[in-house]
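The primary structure of each chain is shown beneath.
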Amino acid sequence: MEIQKIDLMQKDMPRKWYNIQADLPKPLDPPLGLDGKPVSPDALGAIFPRALIEQEVSTERWIDIPEEVLDVYARWRPTPVFRAIHLEKYLKTPAKIYYKYEGASPAGSHKPNTAIAQVYYNKKEGVNRLTTETGAGQWGSALSLAGALFGVQVRVYMVKSSYNMKPARRQLMATWGAECIASPSSQTEFGRKILADDPSNPGSLGIAISEAVEEAANRKDTNYALGSVLNHVLLHQTIIGLEAKQQLAMIDTYPDVVIGCVGGGSNFGGIAFPFLHDVIREGKKVKVIAVEPKACPTLTKGIYTYDYGDTAGMTPIMKMHTLGHTFMPPTIHAGGLRYHGMAPLVSAVLDQGLIEARAYYQKEVFEAGVLFARVEGLVPAPESTHAIKAAIDEAVRAREEATPRVILFNLSGHGFFDLNSYQLYFDGAMEDYEYPGEAIEEALHHLPLQNKA
Ligand SMILES: *Cc1c(COP(=O)(O)O)cnc(C)c1O
């Protein structure tokens, strides 16, 4: 029998998160207010707990994971690393392909890694009610899970098109005791304004963020939680790469290639940053690849500049790769990863030449996902199929160049709630779509600082 599953003992779990801000060759540009001046961390106090604001700007390299958070992680962590030997055989590749399986969490994705930490810090500072947004529903369900475990009330604004197309996700949120509302909604001023202009607006992640932030800013008892993009979110996700590094070390292995899919950048940062630590500090050579859809090509086609995190322009502006905050993802796109912007940390490591980015069409990633399910067994989330497609391409290249290579990718979640998208693929009803350059050009006219530069 070949070794196919590498488990880390719970007693050997990482006790600290890794903060890449300590090691960036060039530090991050700060978030700015509408006046073009850096926002003071205090200004964020209306919607975030102090501990998370501190982590957001921290340049400490290692940050302790609180014991209470470790206790919850231990319900399902460490997650396994698998070797995809059946996929290797199918591809006849000399490469070894490993994947970290984050679908093992109760919510089925990596998102609880930060949901648990965020709810913990809010609760500790006396906040017992949170709002958030969700697109496909994974973040909403992860925060609902964390709310249930810590006794914190959660209200989720869910993008209306997903709310209608993915009832199972909101049923899951309800099971964990959370309240889920279709966005745009009549609950907020911004939602009412959108509905007045267009009652059939299908919603977008940017609109839902605006609604959740508006409510948290207006209610003293309520904070806001974001599932991706921000520095503290990526920090919490580094547990993924830290565990994976230990697991590969158990079999005397180190990756040549590390791959993750990118929406807002959190699971990618989670798997990649602990290896970038070795690249920056120890001169290791690792090819690190961020993979996105051609329908939402933030890293490969977007501009690296200051933009809003939301559609209404209520958030501070951040320097990141962006398609413009007015970006409306096409409804025919089924593969997730639809956010207009990108984590400033992921944008920075791309800009500083530490990683590369790649975009694929949706049919080719679903083809990769189906192949993976048929040879390995696990059914991946549509988002994760982007990483699988890149891993396959790297393995095929290893075959063509006859060079053995160790490939590690993050399998960010399982696809049990996304089988409708698989069905579209099987029915031949899925269309490839590439976001047009003119639309990006147009959106860039609405950037916040264009008249001030
Ligand atoms: C949310 C999600 C993503 C995309 O978000 P990131 O912040 O880029 O990681 C990817 N995969 C799964 C399974 C998700 O739930």
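Nothing here was measured: the structure is a model prediction, and the numbers come from that model. (Residues numbered from 1 in each chain as written. Predicted model: local features only at pLDDT ≥ 70, side-chain atom pairs only at ≥ 80, totals over all residues. Heavy atoms only, no water.)

Structural notes on the packing of helix 1 (residues 50–57) against helix 4 (residues 112–124)
- At a minimum axis distance of 8 Å, the contact between helix 1 and helix 4 shows a crossing angle of 130°. With respect to each other, helix 1 and helix 4 are oriented oblique. Between helix 1, through Ala51, Leu52 and Gln55, and helix 4, the contact on the second element is made entirely by Gln118, Tyr121 and Asn122. (Axes fitted to C-alpha atoms, helices over the stretch in contact; angles between N-to-C directions. Helix = DSSP H or I, 4+ residues; strand = E, 2+ residues; numbered from the N terminus. Parallel < 35°, antiparallel > 145°, perpendicular 65-115°, else oblique. Contact = heavy atoms within 4.5 Å.)

Here's the deal with the UniProt feature "modified residue: N6-(pyridoxal phosphate)lysine" (unreviewed entry) in the chain
- Per the UniProt entry, the sites bearing "modified residue: N6-(pyridoxal phosphate)lysine" (unreviewed entry) are Lys111 in this numbering.
- When residues no more than four places from it in sequence are discounted, the contact partners of lysine 111 are Gln138, Trp139, Ala142 and Gln237. (UniProt positions renumbered as here; feature names shortened; annotations may be inferred.)

Here's the deal with the site of the ligand
- Around the ligand, the structure places 17 residues, and the nearest of them are Lys111, Ser228, Gly263, Ser266 and Ser412.
- Here histidine 110 contributes a side-chain N or O atom positioned 3.1 Å from an oxygen atom of the ligand.
- Between an oxygen atom of the ligand and a side-chain N or O atom of serine 228, the distance comes to 2.5 Å.
- Out of a free accessible area of 380 Å², the ligand has 94% covered by protein chains. (Near = heavy atom within 4 Å. Polar contact = N/O pair within 3.5 Å; in protein donor to acceptor, adjacent residues only side chain to side chain. Areas by Shrake-Rupley, 256 points an atom, 1.4 Å probe, with all protein chains shown as cover.)

A short note on the sheet that holds strand 9 (residues 222–224)
- An order of 8-7-6-9 is seen for the four strands of this open sheet, with the pairing classed as parallel. Either end of the sheet is taken by a strand with one partner, and the two such strands are strand 8 (179–183) and strand 9. With strand direction ignored, the average angle separating the axes of adjacent strands in the sheet is 25°.
- Strand direction decides the pairing type here: strand 6 (residues 129–134) and strand 9, joined by three bridges, are parallel. Bridging from a neighbouring strand, arginine 129 pairs with threonine 222 of strand 9.
- Running at roughly 170° to strand 6, helix 9 (residues 205–218) makes contact with strand 6, strand 7 (153–159), strand 8 and strand 9 of the sheet. (Pairing = 2+ DSSP bridges.)

Quick word on the packing of aromatic side chains
- Enumeration over the complete set of coordinates arrives at 15 aromatic pairs.
- Aromatic side chains tyrosine 99 and phenylalanine 409 sit 5.4 Å apart centroid to centroid with 20° between the ring planes, which places their arrangement in the stacked category. Separated by 310 residues along the polypeptide, tyrosine 99 in strand 5 (residues 96–101) and phenylalanine 409 in strand 15 (residues 406–411) bring together distant segments of the chain.
- Owing to a relative accessible area of 2%, tyrosine 99 belongs among the buried residues under this scheme.
- Overall, the relative accessible area of 0% leaves phenylalanine 409 in the buried class. (Phe/Tyr/Trp six-rings, centres within 6.5 Å; stacked < 30°, edge-to-face > 60°. Buried < 20%, exposed > 50% of the residue type's maximum accessible area, 1.4 Å probe, protein only.)

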